[in-house]
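Each chain, letter by letter, is given below.
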Amino acid sequence: MKWTAAKIKALKGERKIAILTAYDALTGALVDSAGLPVVLVGDSLANTVLGYETTLPVTMAEMLHHTAAVARGVKEALVIADMPFMSYQPSIAMGLENAGRFIKEAHADAVKIEGGVNRVELISALVENGIPVLGHIGLTPQSVKSMGYRVQGKTSEQARKLMDDAMAVEQAGAFALVLECVPPELGEAISKSLSIPTIGIGAGAGCDGQVLVFTDLLGISDRSVPKFVKKFAHLNPIITEALATYKAEVESGTFPSGEQTY
Ligand code: KIV
């Protein structure tokens, strides 16, 4: 069964939603065959795969290229493309046009954009034009230059502002909302106040679902990970050991052996 944004929205209160990022056909297919209902082509592509320091430099061309690859690898999961920095901030028209490119050219099923009250007009325009939207508030990495990588919503004033943002994103028509790095009490309060699912990342167990980054969950990279990450596997040393063994066997002449020879 192919997942749609409407089916994901209907999971609220029925079951928790597990989302993982993917960046190409291989990782998309792995996430899809594990039965996760949503694959997010995060702009974390920038710092997890493409070697940038932050998500800011990743371009529309790069995101389209990787989203199209993920879509080719996925059969059932909903494929969400993360709109990169400055592909939607300058104007509603630009946001609509670029979101449309993710649907038409890269075969995404939905897009994700960062922001709350300040994105209401864009979210409404996208939804009215048939493009499902996943919102994203709290720590929004595209605003790293102004907010840093800090937990958001710690004061009651900030918490109220985030609650207003969440309500605004829901009213604008988003089918779900990512809450990144907020205190668990706020994550739970927002989740209870909304009728759309909340997807937490560092927002506690009270959210309706969780999202993690593919390479973090599998322990593939050796970069340090935030506190909210649980490494469900530690593949980095396994991969490094396999590669070192290959090098050693080539150098010693034990690979290829008769078994690998025609
Ligand atoms: O870019 C990304 O991977 C994300 C999620 C982890 C929420 O935005």
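My aim in this report is to walk through the structure given alongside it, one point at a time. No experiment lies behind these values; they were computed from the predicted model shown.

### What to know about the overall build of the protein
Broken down by element type, the protein carries 11 helices and eight strands. For a compact globule of 262 residues, the expected C-alpha radius of gyration is about 18 Å, and the protein comes in at 20 Å, within 12% of that figure. Across its three principal directions, the C-alpha atoms of the protein cover 65 × 40 × 40 Å. Residues counted as buried form 50% of the 262 residues belonging to the protein. Here the contacts in the protein between residues at least 6 apart in sequence split such that 56% fall between residues at least 24 apart.

### Section: the site of the ligand
Around the ligand sit Thr-21, Leu-40, Gly-42, Asp-43, Ser-44, Asp-82, Lys-112, His-136, Ile-201, Val-211 and Val-213, and that is every residue in its neighbourhood. Within the contact set of the ligand, an oxygen atom lies 3.0 Å away from a side-chain nitrogen or oxygen of Asp-43. Taking Ser-44, its side chain carries an N or O atom lying 2.5 Å from an oxygen atom of the ligand. Protein chains shield 94% of the accessible area of the ligand, which is 250 Å² for the free molecule. Under a 2 Å grid-point criterion requiring more than half of the atoms, the pocket assigned to the ligand is the largest pocket. A per-class count over the shell around the ligand returns four nonpolar, four polar and three charged.

### Describing the pairing of strand 3 (residues 78–82)
In terms of residue burial, strand 3 counts as a mostly covered element, since five of its five residues are buried. Neither face of strand 3 is open: one carries Leu-78, Ile-80 and Asp-82, the other Val-79 and Ala-81, and all of them are buried. Judged from the four bridges that link them, strand 2 (residues 38–41) and strand 3 form a sheet pairing that is parallel. Residue pairing in the sheet places Val-39 in a bridge with Val-79 of strand 3. Sheet analysis places strand 3 next to strand 4 (residues 110–114), joined by three bridges and oriented parallel. In the strand pairing of strand 4, Asp-82 is matched with Lys-112. You can see the chain leave strand 3, run along helix 5 (residues 92–104) and come back into strand 4, and the turn it takes is right-handed.

### Brief notes about the sheet that holds strand 7 (residues 198–201)
Spatial strand order, 1-2-3-4-5-6-7-8: eight strands in a closed barrel with parallel pairing. Neighbour-to-neighbour, the strand axes of the sheet open up by a mean angle of 25 degrees, direction not taken into account. One ladder, built from four bridges, connects strand 4 with strand 5 (residues 133–138); its direction is parallel. Of the residues in strand 5, the one forming a bridge with Ile-113 is Gly-135.

### Some points on the environment of Asp-208
Tracing the backbone through its elements, the reader meets Asp-208 in the loop between strand 7 and strand 8 (209–212). With a relative accessible area of 14%, Asp-208 lands in the buried category. C-alpha of Asp-208 to C-alpha of Pro-197: the two residues are 11 residues apart in sequence and 5.3 Å apart in space. Not counting residues up to four positions away in its chain, the partners in contact with Asp-208 are Lys-12, Arg-15, Lys-16, Ile-17, Ser-191, Ile-196, Pro-197 and Thr-198. Side-chain polar atoms of Asp-208 contact the backbone nitrogen of Thr-198, separated by 2.8 Å.

### Quick look at unusual backbone geometry
The omega torsion across Phe-255 and Pro-256 is 0 degrees, close enough to zero to call that bond cis. Within the secondary structure, Pro-256 sits in the segment after helix 11 (235–252). Unusually for a residue other than glycine, Met-86 sits at a positive phi of about 70 degrees. Summarising the element assignment, Met-86 is placed in the loop between strand 3 and helix 5. According to the relative accessible area criterion, Met-86 is partly exposed, its value standing at 42%.

### As for the nonpolar core
Membership of the largest hydrophobic core comes to 55 residues, with the highest contact counts inside it found for Phe-102, Val-111, Ile-113, Leu-126, Leu-177, Leu-179 and Ile-190. Tallying contributions element by element places helix 8 (residues 156–172) first for this core, with six residues. Apart from the residues lying within four places of it in its own chain, the contact partners of Ile-113 are Met-83, Tyr-88, Arg-119, Leu-122, Ile-123, Leu-126, Val-133, Leu-134, Gly-135 and His-136. Counting residues in hydrophobic clusters, the runner-up holds 18 residues, among them Ala-5, Ile-19, Leu-40 and Ala-176.

What counts and what doesn't
- As a convention, each chain's residues are numbered from 1 in the sequence order in which they are written.
- pLDDT decides what is reported in this predicted model: residues at 70 or higher carry local features, side-chain atom pairs at 80 or more are listed and counted, and totals for whole chains, interfaces and linings draw on all residues regardless.
- Excluding hydrogens and water, the side-chain figures rest on all heavy atoms present in the structure.
- Helix and strand definitions here come from DSSP, where helices need a minimum of 4 consecutive H or I residues and strands a minimum of 2 consecutive E residues; each element is numbered from the N-terminal end.
- The globule rule is 2.2 Å times the number of residues to the power 0.38, and the radius of gyration it is compared with is taken over C-alpha atoms.
- Here the term buried applies to any residue with accessible area under 20% of the maximum for its type, exposed to any over 50%, and partly exposed to those in between, with areas from a 1.4 Å probe on protein chains only.
- Whether two residues touch is decided by their heavy atoms; if any such pair falls within 4.5 Å, the residues are in contact.
- We call a residue near a molecule or strand when any one of its heavy atoms sits within 4 Å of it.
- Polar contact criterion, stated in full: a pair of N or O atoms within 3.5 Å, where within protein one must be able to donate a hydrogen and the other to accept it, and residues adjacent in sequence count only if both atoms are side-chain atoms.
- Surface exposure here means Shrake-Rupley accessible area, sampled with a 1.4 Å probe, where a residue is shielded only by the protein chains that are shown.
- Whether a set of points on the 1 Å grid over the protein atoms alone is a cavity depends on a 1.4 Å probe fitting there but being unable to get out, while an open set qualifies as a pocket with protein on both sides within 12 Å along at least five of seven lines; lining residues are those with an atom within 4 Å of a point.
- Assignment to a cavity or pocket requires that more than half of a molecule's atoms be within 2 Å of the site's grid points.
- Residues are grouped as follows: Ala, Val, Leu, Ile, Met, Phe, Trp, Tyr, Cys and Pro are nonpolar; Asp, Glu, Lys and Arg are charged; every other residue, Gly included, is polar.
- Here, strands pair whenever DSSP counts at least two bridges between them.
- When the strands point away from the viewer, a crossover counts as right-handed if the path from the first strand over the helix to the second runs clockwise.
- Orientation is described by axes fitted as lines to C-alpha atoms, over the contacting stretch for helices, and by angles from 0 to 180 degrees between their N-to-C directions.
- The criterion is simple. A nonpolar core is a set of buried Ala, Val, Leu, Ile, Met, Phe, Trp, Tyr and Cys residues joined through side-chain atoms within 4.5 Å.

Purely geometric numbers; function is a separate question.
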